[in-house]
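# Reading the structure
Given next are the chains, with one letter for each unit.
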Amino acid sequence: MKSIIENTVNFVKEKLEGAEAGHDWFHIERVWKLSKKIAATENCNEDVVELAALLHDIADPKFHNGDETIALTVSREFLEGQHTPEEVVEQVLYVIKNISFKNRGEAPLHPPIELQIVQDADRIDAIGAIGIARTFNFGGFKNNLMYDPFIEPKLNMSKEEYKKSNGTTVNHFYEKLLLLKDLMNTKKGKEMAEERHHYMLNFLDQFYKEWNVD
């Protein structure tokens, strides 16, 4: 599988060239490395973990009018072209289909460990200093307000509401980022999320101090 993984790296780099900076190759690379780090502490199929991590954002629905099928089609075509065993293909596609935060209401009751690992890695990259940078980058990409004290965060949004939301960037912390620590699956993921979660809380404290100038 080593050559398939190497080919997947090259495929993803090429496919995501010019992508929005929060969802580009560097995001994929970080999630890949985080996934391997977590996988080393779990009994799992590491090939599935690596391939799913590399392909999980190959066609993020946010940039494809909300279409969640494109990533599955692109990934299947690529993996089949690499003569990847069908069992592995199915497992990778399962992770891609179920990884998203917005789909948590439809999450399987007993997710396979491979999904738990890649999901934790993806969520860890959404928090901490990197998460803050990615959030403001995407907010700027969408021309959202950084902050408006008169706009309240929308908690418990449905999947469709979340997909259409154009709230402020700071509200996104309350609508998603600060919830991720308690949604981690693995022991390692929980440990890694703790520090990043507190970093975001400290950032928000400092942000409000600087915003509310006396």
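Residues numbered from 1 in each chain as written. Predicted model: local features only at pLDDT ≥ 70, side-chain atom pairs only at ≥ 80, totals over all residues. Heavy atoms only, no water.

## Observations concerning helix H4 (residues 70-81)
- The terminal C-alpha atoms of H4 lie 17 Å apart, and with 12 residues this matches the ideal 16 Å at 1.5 Å per residue to within 8%.
- When we look at burial in H4, the residues that qualify are Ala71, Val74, Ser75, Phe78 and Leu79. The arc that holds every buried residue of H4, seen down its axis, measures 120°, which confines them to one face.
- Looking at the buried positions of H4, the neighbouring elements they touch are helix H1 (2-15), helix H3 (46-55) and helix H5 (86-98).
- Note on H4: the residue one or two positions beyond its end, histidine 83, has a positive phi of about 60°. (Helix = DSSP H or I, 4+ residues; strand = E, 2+ residues; numbered from the N terminus. Expected span 1.5 Å × (residues − 1). Buried < 20%, exposed > 50% of the residue type's maximum accessible area, 1.4 Å probe, protein only. Arc of directions from axis to C-beta. Contact = heavy atoms within 4.5 Å.)

## Some points on the packing of H1 against H3
- Remark: H1 packs on H3, axes separated minimally by 10 Å, with the N-to-C direction vectors making an angle of 10°. One element, H1, and the other, H3, form an angle in the roughly parallel class. When H1 is examined against H3, the residues Ile4, Ile5, Thr8, Val9, Phe11 and Val12 are found in contact with a partner set consisting of Asp47, Glu50, Leu51, Leu54 and Leu55.
- Within the contact of H1 with H3, the residues separate by chemical class into 8 nonpolar, 1 polar and 2 charged. (Axes fitted to C-alpha atoms, helices over the stretch in contact; angles between N-to-C directions. Parallel < 35°, antiparallel > 145°, perpendicular 65-115°, else oblique. Nonpolar A, V, L, I, M, F, W, Y, C, P; charged D, E, K, R; others polar.)

## Remarks on the environment of threonine 169
- Looking at where threonine 169 falls in the secondary structure, it is placed in helix H9 (residues 169-175).
- Taking relative accessible area as the criterion, threonine 169 reaches 4% and is therefore assigned buried.
- Note: C-alpha distance between threonine 169 and aspartate 148 (21 residues apart in sequence) is 9.3 Å.
- If we ignore the near neighbours within four places in the chain, the residues touching threonine 169 are Thr135, Phe136, Gly139, Asn144, Leu145 and Met146.

## Re the confidence of the model for the chain
- Looking at the chain as a whole, the pLDDT averages 92, with 93% of positions reaching at least 70.
- Ranking the elements of the chain by mean pLDDT puts helix H8 (residues 159-164) last, at 59, and H3 first, at 98. (pLDDT = per-residue confidence, 0-100.)

## What about the pattern of salt bridges?
- Inspection of the entire model under this criterion finds 8 salt bridges.
- In this structure, the salt-bridge partner of aspartate 182 is lysine 181, at a minimum N-O distance of 3.1 Å.
- Notably, a salt bridge pairs lysine 187 with glutamate 191, separated by 3.0 Å at the nearest N-O pair. With lysine 187 and glutamate 191 both in helix H10 (residues 187-211) and 4 residues apart, this pair spans about one turn of that helix.
- According to the relative accessible area criterion, glutamate 191 is partly exposed, its value standing at 43%.
- Taken together, the shared-partner salt bridges in this structure form one network comprising Arg76, Glu80, Glu86 and Glu90. (Salt bridge = Lys/Arg side-chain N within 4 Å of Asp/Glu carboxyl O.)

## Here we look at the packing of aromatic side chains
- One pass over the full model with this rule turns up 12 aromatic pairs.
- Aromatic side chains phenylalanine 207 and tryptophan 211 sit 5.7 Å apart centroid to centroid with 20° between the ring planes, which places their arrangement in the stacked category. Of the two residues, phenylalanine 207 and tryptophan 211 are both situated in helix H10; the distance of 4 residues between them amounts to about one turn of the helix.
- Judged by its relative accessible area of 12%, phenylalanine 207 is buried. (Phe/Tyr/Trp six-rings, centres within 6.5 Å; stacked < 30°, edge-to-face > 60°.)

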